[in-house]
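So the chains spell out like this:
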Amino acid sequence: MVVLNRIYTRTGDDGTTALGSGERRPKYDLRIAAYGTVDETNAAIGVVRLYVEDLRELDAMLGRIQNDLFDLGADLAVPDREGKAERLRVVASQVDRLERDIDALNDGLAPLASFVLPGGTPAAAHLHVARTICRRAERVMVELKAQPHEQVGDAGIRYMNRLSDFLFVASRAANHNSAGDVLWVPGQNR
């Protein structure tokens, strides 16, 4: 359990922040950007949940995802140097659960005949915003993993890849019984 008695420490006033290992890095470091963007994804999902209270199953799924994203943030905040660091990791079963949730949400939806534009219900529009932030987090994680001497768990990257799929399908599900998908019409305004 984490205990936070004091919120401000002043230690970051010099432009650095501490990882879970105690190592200090510049606030622009890719690892900081990775878990910061995962945190942005989580915050966007928190906004979505304000609009899906009547969709209990979807809200429950999003609540589980928010907890998983904290797990992922913890995973990213403690780099594993030479296999010595004990840390909370995102695991394959979390990715598997996301896939089952995607399948459950997608089951009642018609196949797409066009790309979907963000919109429809407020919930769907916010799910699309969360999806784009999620994609950015995934890109930063992949970039971090490509750096020498940096580790990022494969399950964490797979989780974010699958989460963006989940958020897309969830947006369609949120629109399903209401406004319907907003479809792209190529060249409509020529």
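All figures in this text were calculated on a predicted structure; none of them were measured in a lab. (Residues numbered from 1 in each chain as written. Predicted model: local features only at pLDDT ≥ 70, side-chain atom pairs only at ≥ 80, totals over all residues. Heavy atoms only, no water.)

Trainee: What am I meant to see in the overall build of the chain here?
Mentor: Across its full length, the chain carries five helices and four strands. Written out in order from the N terminus, the α and β elements of the chain read β-β-α-α-α-β-α-α-β. Its C-alpha atoms give the chain principal-axis dimensions of roughly 50 × 40 × 30 Å. The buried share of the chain, reckoned over its 190 residues, is 41%. Within the chain, contacts between residues separated by at least 24 positions form 71% of all contacts whose residues are at least 6 apart in sequence. Counting only carbon and sulfur atoms, one obtains 53% of the accessible surface of the chain, whose full area is about 11,000 Å². When the 24 basic and 27 acidic side-chain charges of the chain are each reduced to a single mean position, those positions are 3 Å apart. (Helix = DSSP H or I, 4+ residues; strand = E, 2+ residues; numbered from the N terminus. Buried < 20%, exposed > 50% of the residue type's maximum accessible area, 1.4 Å probe, protein only. Contact = heavy atoms within 4.5 Å. Areas by Shrake-Rupley, 256 points an atom, 1.4 Å probe, with all protein chains shown as cover. Lys, Arg positive; Asp, Glu negative; His and termini not counted. Charge placed at Lys NZ, Arg CZ, Asp CG, Glu CD.)

Trainee: Would you mind showing me how to read unusual backbone geometry here?
Mentor: Trans is the common state for peptide bonds, and a negative phi is the common state for residues other than glycine. Its identity as a non-glycine residue notwithstanding, histidine 149 has a phi of 70 degrees, on the positive side. Residue placement: histidine 149 occurs in the loop between helix 4 (122-145) and helix 5 (154-176).

Trainee: What exactly am I supposed to notice about helix 1 (residues 30-49) here?
Mentor: Within an α-helix, residues lying three or four positions from one another point in the same direction, as the helix has 3.6 residues per turn. An ideal rise of 1.5 Å per residue puts 28 Å on 20 residues; helix 1 measures up with 29 Å between its terminal C-alpha atoms. Within the span of helix 1, buried status applies to Arg31, Ile32, Ala34, Tyr35, Thr37, Val38, Thr41, Asn42, Ala44, Ile45 and Val48. Residues of helix 1 that are buried in the fold lie against strand 1 (16-18), strand 2 (24-26), helix 2 (56-77), helix 4 and helix 5. The opening residue of helix 1 is aspartate 29, an N-cap whose side-chain oxygen sits 2.9 Å from the backbone nitrogen of arginine 31. (Expected span 1.5 Å × (residues − 1). Polar contact = N/O pair within 3.5 Å; in protein donor to acceptor, adjacent residues only side chain to side chain.)

Trainee: Any chance you could explain the packing of helix 4 against helix 5 here in plain terms?
Mentor: Two measures define how a pair of helices packs: the angle their axes make with one another and the distance between the axes. It is the contact of helix 4 with helix 5, at a shortest axis distance of 9 Å, that shows an interaxial angle of 165 degrees. One element, helix 4, and the other, helix 5, form an angle in the roughly antiparallel class. Of the two possible hands of crossing, helix 4 and helix 5 adopt the one that is left-handed. (Axes fitted to C-alpha atoms, helices over the stretch in contact; angles between N-to-C directions. Parallel < 35°, antiparallel > 145°, perpendicular 65-115°, else oblique. Left-handed = near helix turned anticlockwise from the far one by under 90°.)

Trainee: Explain the packing of helix 1 against helix 4 to me, please; I cannot follow it from the model alone.
Mentor: Helix 4 packs onto helix 1 with a crossing angle of 165 degrees between their chain directions and a minimal axis gap of 8 Å. The angle between helix 1 and helix 4 falls in the class roughly antiparallel. Crossing geometry of helix 1 relative to helix 4 is assigned as left-handed. In contact with Leu30, Arg31, Ala33, Ala34, Thr37, Val38, Glu40, Thr41, Ala44, Ile45, Val47 and Val48 of helix 1, helix 4 contributes Ala123, His126, Leu127, Ala130, Ile133, Cys134, Arg136, Ala137, Val140, Met141, Glu143 and Leu144. Across the contact of helix 1 with helix 4, the residue classes break down as 17 nonpolar, three polar and four charged. (Nonpolar A, V, L, I, M, F, W, Y, C, P; charged D, E, K, R; others polar.)

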